[in-house]
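Summary of the model geometry
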Amino acid sequence: MEKWSLMTITVLLALTVRWAVSLGSYSGAGKPPMYGDYEAQRHWQEITYNLPIRQWYFNTSDNDLLYWGLDYPPLTAYHSFVCAYIAKLINPDWVALHTSRGYESQPHKLFMRTTVFVADLLVYIPAVILYCFSLKETSAKKKASTCALCILLYPGLILIDHGHFQYPLSLGLALWAVLCLSHDWDLLGSVAFCLALNYKQMELYHSLPFFCYLLGKCFKKGLKGKGLVLLAKLAGTVLVSFAACWLPFGTDVEQIMQVLRRLFPIDRGLFEACMFSSPTHCPDKVANIWCSLSVLIKIKNVISPRTQLKLSFAVTFLSLLPACIKLTVQPSLRGLKFALVSCALSFFLFSFQVHEKSILLVSVPVCLIINEIPFMATWFLLVSTFSLLPLLLKDELLLPYAVTTPAFLAVCLASFSILEKTSAEDLQLKAFSLSLKGYVSWFKSFPRIVRSLFLLSLAVMGVLSVLSAAAAPPQRLPDLFPLAVAVVSCLHFLLFLVYFNVVILWDSKNRAQKKIS
């Protein structure tokens with residue numbers, strides 16, 4: 001009973017923070033003609049409610065695809081339709097065809113913010129709570145609530161969902177998939193992840209770890225016996241799940257092809273992750289390797305779009321291959337969580353058309369291992385929030401950023417004493433350090449070095465945050481501060497990618513785990 005009381009307090013605190021952030025501005029508020037992501041979500045409600053399904057993804061006189069045309073999978077469209085149906089009952093003007101474009105009012109803002117709260121309460125928050133209760137390391141009464149508090153107060157997700165404006169459904173469904181797999185409910189886990197993928201195609205960042213884990217599990221059971229049966233069940237579950245999601249579009253091949261063209265617009269180029277005319281997104285400020293390199297080399301000018309695509313695919317594939325092979329050969333829940341982090345980070349750093357918000361696809365899996373490596377997880381989550389700073393400043397979310405980020409750090413310091421968890425063993429690097437014994441003399445000073453780097457990192461992020469918010473850039477370099485944020489964040493992420501892969505490849509705990517039967 002006591003653990004549920006602590007968890008209730010945790011959830012109430014998390015909801016209070018979300019409510020406070022939602023009182024502020026949102027993406028594109030009062031900025032015609034395109035406004036921002038808030039208007040995109042409202043416009044999708046307008047389109048899905050007023051037009052037949054066959055027109056949702058096509059350019060027509062009633063559906064101008066250059067004005068926030070639908071570019072997410074069918075479940076996003078269905079969700080927009082449900083929200084639109086409720087909106088129509090409250091105020092038909094909110095979703096009136098054509099005339100509702102750019103609609104902004106306090107009642108409508110309250111409605112839209114409420115829809116995000118409902119999504120959080122029904123999908124994301126329950127998954128976090130149940131996940132924290134399921135952790136073997138959280139046997140103490142307050143451990144589960146402590147872990148949940150740190151996850152639910154992660155500022156990056158709060159600021160994007162309840163500030164900028166976005167729904168947490170795909171990430172929440174992915175969490176449900178992990179939770180199901182942790183209880184050996186493989187078919188339910190597959191359904192949950194299929195739903196996540198059919199809500200946002202960016203869940204492809206997580207697809208290979210789920211695939212490799214389940215395939216490895218089938219191999220362990222034996223492909224001539226139980227493993228073959230499980231593989232057939234999984235294949236059938238995936239096919240049925242996709243068929244159900246795509247059923248309204250499945251009768252026409254051209255419909256399917258048009259939806260796919262909207263989901264994967266490769267002709268936009270390596271950097272065109274979003275609508276080029278959107279005032280709220282600037283693809284050159286994403287903290288990935290291509291945008292950082294473009295500061296020195298204008299990749300768009302020296303490499304053709306098709307070559308960019310091939311190069312991006314090759315580098316992404318090679319960077320995530322080690323973690324996927326390890327997970328397939330030695331499938332474990334722990335390995336799955338670390339592979340989700342590593343693979344998502346590889347996609348973010350090297351893949352084609354990356355949004356700045358895509359870092360959340362890495363951050364949520366990092367939240368799942370915050371109890372195992374609290375120091376590195378906290379550090380990563382702080383950097384990921386910092387990488388969103390240019391976007392947050394555009395949305396006038398400086399105050400929520402300045403409050404929630406230090407508060408999150410304080411909670412992690414109090415909950416996990418992270419500055420005391422910097423030894424090689426605490427960072428899951430003991431096996432790696434033993435392999436270097438006799439070769440790297442400075443490894444004895446490793447905890448002190450790591451703490452010093454962490455404090456230096458905090459200082460750099462703090463200074464850049466202040467400069468970005470308060471200082472005017474040189475006239476010749478108007479994008480100096482956003483680019484500095486992107487490059488600094490990218491350098492951090494590259495080091496984190498190396499770290500997570502080292503943990504995965506030298507992980508002795510996976511080898512010691514009981515074989516899956």
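Bear in mind the structure is a predicted one, so any value in this text is a computation, not a measurement. (Residues numbered from 1 in each chain as written. Predicted model: local features only at pLDDT ≥ 70, side-chain atom pairs only at ≥ 80, totals over all residues. Heavy atoms only, no water.)

What follows concerns the packing of aromatic side chains. Scanning the model with the defined rule gives 24 aromatic pairs in all. Between tryptophan 94 and phenylalanine 111, the aromatic rings sit 5.3 Å apart at their centres with planes inclined by 35°, giving tilted as the arrangement. Of this pair, tryptophan 94 sits in the loop between α3 (74-90) and α4 (106-134) while phenylalanine 111 sits in helix α4; the two residues are 17 residues apart in sequence, bridging distant segments of the chain. For the pair tryptophan 94 and phenylalanine 111, a shared accessibility class is recorded, and that class is buried. With a centroid separation of 6.4 Å and an interplanar angle of 65°, the aromatic rings of tryptophan 246 and phenylalanine 249 are classed as edge-to-face. Of the two residues, tryptophan 246 and phenylalanine 249, neither departs from the other in class, the shared state being buried. One aromatic cluster is present, built from ring pairs that chain together Phe348, Phe375, Trp379, Phe380, Phe454, Phe493, Phe496, Tyr499 and Phe500. (Phe/Tyr/Trp six-rings, centres within 6.5 Å; stacked < 30°, edge-to-face > 60°. Helix = DSSP H or I, 4+ residues; strand = E, 2+ residues; numbered from the N terminus. Buried < 20%, exposed > 50% of the residue type's maximum accessible area, 1.4 Å probe, protein only.)

Let's shift gears to the pattern of salt bridges. What the rule picks out here adds up to 10 salt bridges. Its salt-bridge partner being lysine 217, residue aspartate 184 comes within 2.8 Å of it at the nearest N-O pair. In this pair, aspartate 184 is assigned in the loop between α7 (169-182) and α8 (186-197) and lysine 217 in helix α9 (residues 204-246), connecting sequence segments 33 residues apart. Given the relative accessible area of 3%, lysine 217 is considered buried. Via salt bridges that share partners, Arg334, Lys337, Glu372 and Asp507 belong to a single interconnected network. (Salt bridge = Lys/Arg side-chain N within 4 Å of Asp/Glu carboxyl O.)

With that settled, consider the packing of helix α15 (residues 360-368) against helix α16 (residues 374-387). Axis separation between α15 and α16 bottoms out at 10 Å; the angle between their running directions is 160°. By the angle class used here, α15 and α16 are roughly antiparallel. As for how α15 packs across α16, the hand of that crossing is left-handed. Counting all contacts with α15, which are made through Val362, Ser363, Val366 and Cys367, the residues of α16 involved are Ala377, Phe380, Leu381 and Ser384. Its residues placed into classes, the contact of α15 with α16 shows six nonpolar, two polar and no charged. (Axes fitted to C-alpha atoms, helices over the stretch in contact; angles between N-to-C directions. Parallel < 35°, antiparallel > 145°, perpendicular 65-115°, else oblique. Left-handed = near helix turned anticlockwise from the far one by under 90°. Contact = heavy atoms within 4.5 Å. Nonpolar A, V, L, I, M, F, W, Y, C, P; charged D, E, K, R; others polar.)

Segmenting the protein into domains produces domain 1 (167-263) and domain 2 (265-509). Between domain 1 and domain 2, the C-alpha centre-to-centre distance is 26 Å. Contact with domain 1, which involves 23 residues of that partner, is made by 25 residues of domain 2. A combined buried area of about 2,100 Å² lies between domain 1 and domain 2, and 80% of that area is made up of carbon and sulfur atoms. Contact with domain 2 buries area across many residues of domain 1, yet Tyr205, Pro209 and Tyr213 alone supply 33% of it, more than any other trio. At the junction of domain 1 and domain 2, the tally comes to zero salt bridges. Run the count over domain 1 and domain 2 and you get one residue pair in polar contact (both at pLDDT 80 or more). For the side of domain 1 that touches domain 2, the residue count by class is 15 nonpolar, three polar and five charged. (Domains from an automatic or database assignment. Buried area = accessible area lost by both parts, 1.4 Å probe. Polar contact = N/O pair within 3.5 Å; in protein donor to acceptor, adjacent residues only side chain to side chain.)

Quick look at α4 now. Taking 1.5 Å of rise per residue, the 29 residues of α4 would be expected to cover 42 Å, and the 40 Å separating its terminal C-alpha atoms lies within 8% of that figure. In α4, a bend of some 45° at aspartate 120 exceeds every other bend along the element. Where α4 begins, one side-chain oxygen reaches toward the backbone nitrogen of histidine 108, 3.2 Å away; that side chain belongs to serine 105. (Expected span 1.5 Å × (residues − 1). Bend = angle between axes of the 7 residues up to and from the residue.)

With 158 residues, the main nonpolar core has Phe348, Phe380, Phe493 and Phe500 as its most contacted residues. Looking at which element gives the most residues to this core, the answer is α4, with 13 residues. Taken domain by domain, this core gets at least three of its residues from each of domain 1 (167-263) and domain 2 (265-509). (Core = buried A, V, L, I, M, F, W, Y, C linked by side-chain atoms within 4.5 Å.)

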